[in-house]
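# Tertiary structure, described
The chain contents come next:
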Amino acid sequence: MKHRSLFYRFTAFILAICWTVLPLAQALTTEQAAELLELLYIDEVPSTALEAATVKDMVAALGDPYTEYFTPEEYEIFLASMSDSKLVGIGVVFSRNGDLIGPDGLLIEQVLEDSPASRGGLMAGDRIISVDGNLLEEVDLDTATSWIRGEEGSSVSITYRREGDTHAVELVRSLVVVAATTTQLLDGHIGYINCTTFGSETAGHFREGLETYGDQADLWVVDLRSNLGGSAEAATECAGYFTGRGYMSILRDGSNTYSAYYHEEDPLTIYPVIVLVDQHSASASEIFASAIQSYRSGIVVGTRTYGKGVAQIVADQDSMPEYFPDGDAIKITSYRFFSPNGNTTDQIGVLPHILLSPEDIGAALLLRSSPKAQAKATLRIDLSWRWYVDLDSALSDENKPLFQALIHALPQNTKLHLKNDDFSEVPITAREFCEIYELPYQASDFKDVSDSLYPDILSILKTYGMLHGKEDGRFCPNDGLTRAELCQLLSQALNLKPASIKSPYLDVSEEDWFSPAVLSLTSLGMVNGVGDGNFEPNSPVTHQQLMTVMARLAKFLNMSFYDASGKMPEDAPSSEEALSAYADWAQASAWLLAYSQTTLFGTPRSMLWDSLDAISPTQFATRDEAAYILYELLSYSGILPV
């Protein structure tokens, strides 16, 4: 039996980061590694791992991409990845636009303070056109950067253009600290925080930025695109600057013991924040984004995030010198973390309020926290906050494509109001708005959505990429579901990554179209076989089978369902006549979905499309019914941000 303790005697820092390094050699012995794994790993350690010949093999046998051993050299690189970087150069940040630099030169987005560039008079918005006489047109960014950088103390000649005039300046290269988190003021009112990792300096950078521009900014943007994570403590501290007091993240260890990060200060700003994310925003970034969502302190915009809902403890020379005298370290998955709403981000990631492609994410900057005073017409968007769009600016030739992408990305149930210069606000639908302003309207619907009993639910799930339907654009809501089709539906909704397991089923092979979905759900414990080594992928799903799988999904996604599972009263089947009609193996799942949750008033809150006594347990389920339960689980838990 594994020995566990919530608070171990050494001080280790908890990491929430998506990072992979292949270990080369180790000073840690296999006996020591086995001790640490048995003590700290979140699940039971398989015997194949404990019996492996090397630490590298032990880690590989776990099948966990986040548990890693670091040599001393690798650990230095790992720690450096979460800190401010230092390089020799002139201290400018460039805007990349395409593979090759155009005839206008290299656009300077930011000039770092106390750098050669700032002392030489360079400013954001300047365009560098040549370096030491070498023209930058048709030169790739890496080559241009190599020309600008060089040995410390050496000189470089920079020719740049500002407002049509050309200037030249001689700069002396020096050591420049490039902060992993920077803040600047955009458009005179947007505090833009670019955070590439959550490390020991990050919270200080956030606080400094908020205090520096707090009197000028009425909207904050935190850019976490390609932020792979870092320190959970740093992420929760930074989120608290926007949310104020409360639980920022909840952790559960392998013995089902909970702990939490709590922010004890008031917010540093009264204004909302827009969090920009993409598919590479992971771990600590997801902790930050989910905290903002839970407290409704702003909105998340971009693509669905990576989906890493586990955190690691790093044991190193500081925390355990007897194990790591040579400076090596080991990172071990020790916790599952949850949002303040009790939701995991594992696999499913964080669903943005507004799904925008990387090309269209600039549309987020069209949103304002208050209407522009001199605007003739304003669109109000109610989405976790009241957002305002100045239509004169949004419908300009420059911004119109981004604005159209924003309108089309809004969930169908989003409330819109059109405000004219007479200060009247009129409720309006997205379709009506597009007709007035002669914009193309694209409804996010299946072709046969009208055949569904729950058309609004199907539209919302499709908008958020939770349902994909058939290749011809139909969902076929009244069709039945096979076991394989149910796995495919849930795999797409959860955005599951391929499982690294061999098929345990005789009737599921690598060539089958449903194999990735079946194996991924099997690895998560949501489905299993029917006996004799078979899965029976083409068998239809009954109501009680659907409820069993969806109850497992509920326990995976949300703490409330997880904690309620196994707590069905012993007399429930006899006291609830409807429950007694279900097979013994399905009763706990039916109870969990129908009776385990309550409203704010203490009344039962069912996840089912009908009362339990009106549902025949052995009747075949439809795609409509599966979509309904999925929506109820995601909506009730707050995973769907609408």
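Residues numbered from 1 in each chain as written. Predicted model: local features only at pLDDT ≥ 70, side-chain atom pairs only at ≥ 80, totals over all residues. Heavy atoms only, no water.

A separate point is helix 4 (residues 72-80). Every buried residue of helix 4 is accounted for by Glu74, Tyr75 and Phe78. The buried residues of helix 4 all sit within an arc of 100° when viewed along its axis, so they share a single face. Helix 4 presents Glu73, Glu76 and Ile77 as exposed residues on the side facing more than 90 degrees away from its buried surface. (Buried < 20%, exposed > 50% of the residue type's maximum accessible area, 1.4 Å probe, protein only. Helix = DSSP H or I, 4+ residues; strand = E, 2+ residues; numbered from the N terminus. Arc of directions from axis to C-beta.)

Contact geometry of helix 16 (residues 543-557) with helix 20 (residues 584-594) gives a least axis separation of 8 Å together with a crossing angle of 60°. Taken as axis vectors, helix 16 and helix 20 run oblique relative to one another. Helix 20 is crossed by helix 16, and the crossing has left-handed handedness. Where helix 16 approaches helix 20, its residues Gln544, Gln545, Met547, Thr548, Met550, Ala551, Ala554 and Lys555 are matched on the opposing element by Trp585, Ala586, Ser589, Ala590, Leu592 and Leu593. Grouping the constituent residues of the contact of helix 16 with helix 20 by class yields nine nonpolar, four polar and one charged. (Axes fitted to C-alpha atoms, helices over the stretch in contact; angles between N-to-C directions. Parallel < 35°, antiparallel > 145°, perpendicular 65-115°, else oblique. Left-handed = near helix turned anticlockwise from the far one by under 90°. Contact = heavy atoms within 4.5 Å. Nonpolar A, V, L, I, M, F, W, Y, C, P; charged D, E, K, R; others polar.)

Once that is clear, we can look at the sheet that holds strand 22 (residues 367-368). The five strands are arranged 22-24-23-25-26 in an open sheet whose pairing can be described as antiparallel. The open sheet is flanked by strand 22 and strand 26 (425-428), the only strands paired with a single partner. Across four bridges, the pairing between strand 25 (residues 415-419) and strand 26 is antiparallel. Each residue of the ladder has a partner; that of lysine 419, found in strand 26, is glutamate 425. On the sheet, helix 11 (residues 400-409) packs against strand 22, strand 23 (378-382) and strand 24 (386-390) and is oriented at approximately 35° with respect to strand 23. (Pairing = 2+ DSSP bridges.)

Counting 69 residues, the largest nonpolar core has Leu461 and Leu630 as the members making the most contacts within it. Secondary-structure elements contributing two or more residues to this core are helix 13 (455-463), helix 14 (483-494), helix 15 (515-523), helix 16, helix 17 (559-564), helix 19 (577-580), helix 20 and helix 21 (623-637). Per element, the largest residue contribution to this core is nine residues, and it comes from helix 16. Ignoring sequence-local partners within four residues, the contact set of leucine 630 consists of Leu461, Met466, Leu467, Leu489, Leu490, Ala493, Met550 and Leu553. (Core = buried A, V, L, I, M, F, W, Y, C linked by side-chain atoms within 4.5 Å.)

This part covers the pattern of salt bridges. If you walk through the whole model with that rule in mind, you get 13 salt bridges. A salt bridge links glutamate 68 to lysine 331; the shortest N-O distance between them is 2.7 Å. Taken as a pair, glutamate 68 in strand 2 (residues 68-70) and lysine 331 in strand 20 (residues 329-338) lie far apart in primary sequence, 263 residues in all. We classify glutamate 68 as buried; its relative accessible area is 3%. The buried category is assigned to lysine 331, whose relative accessible area is 0%. (Salt bridge = Lys/Arg side-chain N within 4 Å of Asp/Glu carboxyl O.)

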